[in-house]
Amino acid sequence: YIKIGWSARVYFWMIDDMKIVETPDHKLKLLESNYGGWNTTSPTTTSSYGLDYTFNPMNQVMANPYRVEGLVANLGGQTQNTKLNIHVTDAIGMTVLSTSTTDTLLAVGDTGVLGLWSGFTPATPGPHEFKVWATSDSTMTDTLTMQSIVTDTIYGRDNGSQSTWYGLGRSCGGMIIGVYYDVFVQDQVSSISVFIDDQSVVGSDIFVSLYEIDSNNDKIYIDQSDDYTLQASDLNSWVTIPFFNPVDVFPPSSPAPGTPLAYMAAVGGYAHPLDTTTIAMSKYTEPATCYIQ
């Protein structure tokens, strides 16, 4: 017997075309995938937030290869011998990696993290497309597609499209917005780029700044740029603001107390009764790695 019930003040439903469907023996779903390895602790990295970097400098990639993962759910009625399949192509569509993980038994109703723990290091710069899907003996999931661009010097977490905006400077106050970055090999930060939303007022001032993140997740100020005045050509465009001198950044190191676990790149604005400044915001952020002050 099946009972259908509802509560309504005025309206009612007319229910039609009901059916009972038996759970198939073999059914998988790939819930999510990433290439930063944030579902597990990397065996080769002492400290890392495991973030997905859509723009990834080659020297950082070589020190921290892509760790492709998939979160797979067994929605079938039987235990399934499951593996993750990974296919990577380069800028000209050539296959640079095609592999599968070892089989993992997933019980009914369970989810599991399957991944390429050894990592993948691209041989050349440029865009790389990651296709990920899961299979068992009798079924397969849909394919999830991700992209990361191996660069010379640019580090970025944005997904390349604007979802919304947020105010940096407005009549009620000035804001600072920052995002975390892992550093896997010693490097220098010479500038920070930000996408200016077209609601910003020409003539407004903004700045960029850099912070260390310590073991208590505290933000420790390192350096700040000179103020930059927005031009008409900056609206709906990227603006790159340099530091007066390049800032040295270092990877975490157990023997060196006080070494930062990560860094936060930030952009700020000022309170002003008229000169509003807003920046573009991407849709997806990883928890506890993006901040508004």
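Rules and cut-offs
- Residues numbered from 1 in each chain as written.
- Predicted model: local features only at pLDDT ≥ 70, side-chain atom pairs only at ≥ 80, totals over all residues.
- Heavy atoms only, no water.
- Helix = DSSP H or I, 4+ residues; strand = E, 2+ residues; numbered from the N terminus.
- Buried < 20%, exposed > 50% of the residue type's maximum accessible area, 1.4 Å probe, protein only.
- Contact = heavy atoms within 4.5 Å.
- Areas by Shrake-Rupley, 256 points an atom, 1.4 Å probe, with all protein chains shown as cover.
- Pairing = 2+ DSSP bridges.
- Axes fitted to C-alpha atoms, helices over the stretch in contact; angles between N-to-C directions.
- Salt bridge = Lys/Arg side-chain N within 4 Å of Asp/Glu carboxyl O.
- Phe/Tyr/Trp six-rings, centres within 6.5 Å; stacked < 30°, edge-to-face > 60°.
- Lys NZ or Arg CZ within 6 Å of the ring centre and 35° of its normal.

Enquirer: Give me the lowdown on the overall build of the protein chain, citing residues and values where you can.
Expert: Each helix and strand in the protein chain was counted, giving one helix and 20 strands. Judged by the C-alpha coordinates and their principal axes, the protein chain covers about 70 × 60 × 40 Å. Scored against the burial criterion, the 293 residues of the protein chain give a buried share of 39%. Intrachain contacts of the protein chain at a sequence separation of at least 6 include 76% that bridge at least 24 residues. For the protein chain, the exposed area adds up to about 16,500 Å²; of that, 53% sits on carbon and sulfur atoms.

Enquirer: Give a detailed account of unusual backbone geometry, specifying residues and quantitative values.
Expert: The phi torsion at Asn 217 lies on the positive side, around 65 degrees, for a residue other than glycine. Positive phi, normally seen in glycine, also occurs at Asn 236, with a value near 55 degrees. Relative to the elements of secondary structure, Asn 236 occurs in the loop between strand E16 (228-229) and strand E17 (237-249). The class of Asn 236 is partly exposed, set by a relative accessible area of 47%.

Enquirer: I'd like a description of the sheet that holds strand E1 (residues 28-34), backed by residues and values.
Expert: Read across the open sheet, the three strands follow the order E1-E3-E7; overall the sheet is antiparallel. Here the strands that pair on one side only, and so sit at the sheet edges, are E1 and strand E7 (111-115). Put simply, the sheet's adjacent strands are angled 25 degrees from each other on average, direction ignored. Inspection of the sheet shows strand E3 (residues 69-74) paired to E7 by five bridges, in the antiparallel sense. What sits directly across from Ala 73, in E7, is Thr 111.

Enquirer: Give a detailed account of the pattern of salt bridges, specifying residues and quantitative values.
Expert: Under the definition given, this model contains one salt bridge. We note a salt bridge from Lys 131 to Glu 129, for which the minimum N-O separation is 3.7 Å.

Enquirer: Quick one: what's the story with the environment of Asp 137, residue by residue and with numbers?
Expert: Looking at where Asp 137 falls in the secondary structure, it is placed in the loop between strand E8 (126-135) and strand E9 (144-151). A relative accessible area of 66% places Asp 137 in the exposed class.

Enquirer: Could you give an account of the packing of aromatic side chains, with specific residues and numbers?
Expert: Summed over the entire model, instances satisfying the criterion amount to twelve aromatic pairs. With a centroid separation of 5.4 Å and an interplanar angle of 25 degrees, the aromatic rings of Tyr 180 and Tyr 291 are classed as stacked. Of this pair, Tyr 180 sits in strand E12 (residues 176-181) while Tyr 291 is found in strand E20 (residues 290-292), placing the two residues 111 residues apart along the sequence. Site record: aromatic cluster; members linked through ring pairs are Tyr 35, Tyr 66, Phe 120 and Phe 130. Geometry around Tyr 291 places Lys 219 over its ring, the cationic atom sitting 3.6 Å from the centre.

Fair warning: the whole summary comes from geometry, so function is off the table for now.
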